[in-house]
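# Structural overview for review
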Amino acid sequence: MADTTDQTLRAILTDVLGLAPEQTATFEAETGLFGHLPELDSMAVASLLTEIEDRFDILIEDEDVDGEMLETYGALRAFVSAKTAQG
């Protein structure tokens, strides 16, 4: 599941933020997202979370969203993995 999660999350970032697939392919766990990628502004966060909900068939509650989950690629991937494990 982790590989599928990783591939899907990279595709979402590519699609929603308009990033090159080559760029998202280089993302490591420590790669900064919010505050580091100019494409990921406050308006893009809503689109990103909606797309994550749709593609992973999960529900992200308002209280789930915080700065830490969007700080790095690894944090976002861990969040998505935890939410999908909850079912």
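Placed above this text is the structure.
The following refers to the structure shown. Not measured: the values here are computed from a predicted model.

Criteria and thresholds
Residues numbered from 1 in each chain as written. Predicted model: local features only at pLDDT ≥ 70, side-chain atom pairs only at ≥ 80, totals over all residues. Heavy atoms only, no water. Salt bridge = Lys/Arg side-chain N within 4 Å of Asp/Glu carboxyl O. Helix = DSSP H or I, 4+ residues; strand = E, 2+ residues; numbered from the N terminus. Core = buried A, V, L, I, M, F, W, Y, C linked by side-chain atoms within 4.5 Å. Buried < 20%, exposed > 50% of the residue type's maximum accessible area, 1.4 Å probe, protein only. Contact = heavy atoms within 4.5 Å.

With that out of the way, let us pick up the pattern of salt bridges. Summed over the entire model, instances satisfying the criterion amount to five salt bridges. For Arg10, the salt bridge goes to Asp6, with nearest N and O atoms at 2.8 Å. Within this pair, Arg10 and its partner Asp6 are both found in helix H1 (residues 2-17), separated by four residues, close to a single helical turn. Its salt-bridge partner being Arg55, residue Glu51 comes within 2.7 Å of it at the nearest N-O pair.

Right, let's talk about the nonpolar core for a bit. Counting residues in hydrophobic clusters, the biggest one holds 23 residues, and the most contacted among them are Leu40, Leu48, Ile52 and Leu76. Of all the elements in the fold, those that place two or more residues in this core are H1, helix H3 (42-56) and helix H4 (73-86). Take this core: its biggest share by element is six residues, from H3. Other than its neighbours up to four places away in sequence, Leu76 contacts Leu9, Leu33, Leu48, Ile52, Met69 and Leu70.

On to the environment of Glu68. Looking at the secondary structure, you find Glu68 in the loop between H3 and H4. Taking the relative accessible area as the measure of exposure, Glu68 reaches 61% and is therefore exposed. Between the alpha carbons of Glu68 and Leu19 there is a distance of 21 Å; along the sequence they are 49 residues apart.

The analysis is restricted to geometry; functional conclusions fall outside its scope.
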